[in-house]
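Here is how the chains run, residue by residue.
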Amino acid sequence: MALSHAESGPALTRLGVRLARLGRGIRWYVTTLMGDRAYDVYVAHHRVHHPGEEPLTERQFWRQRAADQDADPGSRCC
């Protein structure tokens, strides 16, 4: 049974909302997996656990992270 134009409007709106939510979820997952959110996560953690201290700048954070990875490569591929 085909939906009339009036009935398909809300259904398409719900579908659009679900697709947008799915897209945001995929974007969050990929950016988290790739480390793009690492600084934001660090700042949020720092503000909660060290409220009186100033967090590293983003540049300092990435330099420190690279130095830490070079010192202890762990399971990195390169």
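Given the structure is predicted, the values throughout are model-derived calculations rather than measurements.

Draft legend 1. Here's a closer look at the overall build of the chain. When helices and strands are counted, the chain shows three helices and zero strands. Secondary structure elements in the chain, listed N-terminal to C-terminal, are α-α-α. For the chain, buried positions account for 13% of its 78 residues. Roughly 6900 Å² of accessible area belongs to the chain as shown, and the carbon and sulfur atoms make up 60% of that amount.

Draft legend 2. A look at the packing of helix H2 (residues 38–49) against helix H3 (residues 58–71). Contact geometry for H2 and H3: axes closest at 10 Å, N-to-C directions at 105 degrees. Here H2 lies roughly perpendicular to H3, going by the angle between them. Contacts between H2 and H3 involve Ala38, Tyr39 and Tyr42 from the first element and Glu58, Phe61, Trp62 and Arg65 from the second. Considering only residue class, the contact of H2 with H3 consists of five nonpolar, no polar and two charged.

Draft legend 3. Just the environment of Gly35, in detail. Within the fold, Gly35 resides in the loop between helix H1 (5–34) and H2. Looking at Gly35, the relative accessible area reads 10%, which means it is buried. Every residue in contact with Gly35, bar those within four places of it in the chain, is listed here: Trp62 and Arg65.

Draft legend 4. View of the packing of aromatic side chains. Taken as a whole, this structure holds four aromatic pairs when the rule is applied. Taking 5.1 Å as the distance between ring centres and 25 degrees as the angle between the ring planes, the aromatic pair formed by Tyr42 and Phe61 counts as stacked. Of this pair, Tyr42 sits in helix H2 while Phe61 sits in helix H3; the two residues are 19 residues apart in sequence, bridging distant segments of the chain. The same class applies to Tyr42 and to Phe61, which are both buried. Taking the centre distance of 5.1 Å and the plane angle of 75 degrees together, the rings of Phe61 and Trp62 count as edge-to-face.

Rules behind the numbers
- By convention here, each chain's residues receive numbers from 1 onward along its written sequence.
- Totals for whole chains, interfaces and linings use every residue, but because this is a predicted model, local features are given only for residues with pLDDT of at least 70 and side-chain atom pairs only at 80 or more, for both listing and counting.
- In computing side-chain properties, one takes all heavy atoms of the structure into account and sets aside hydrogens as well as water.
- Where helices and strands are cited, they refer to DSSP runs of H or I of at least four residues and of E of at least two residues respectively, numbered from the N terminus.
- Relative accessible area decides the class of each residue, using a 1.4 Å probe on protein chains only: under 20% of the type maximum gives buried, over 50% gives exposed, and in between gives partly exposed.
- Residue burial considers only the protein chains on display, and all accessible areas are found by Shrake-Rupley using a 1.4 Å probe.
- Axis lines are fitted through C-alpha atoms, for helices just across the contact stretch, and the angle between N-to-C directions can take any value from 0 to 180 degrees.
- These descriptions rest on fixed angle ranges, namely under 35 degrees for roughly parallel, over 145 for roughly antiparallel, 65 to 115 for roughly perpendicular, and the rest for oblique.
- Throughout, a contact is declared for two residues whenever any of their heavy atoms are within 4.5 Å.
- Residue polarity follows a fixed list, in which Ala, Val, Leu, Ile, Met, Phe, Trp, Tyr, Cys and Pro are nonpolar, Asp, Glu, Lys and Arg are charged, and the others, Gly among them, are polar.
- Each aromatic pair joins two rings of Phe, Tyr and Trp (for Trp, the six-membered one) with centres within 6.5 Å, and gets the label stacked for planes under 30 degrees apart, edge-to-face for over 60, and tilted for any other angle.

By themselves these figures say nothing about function.
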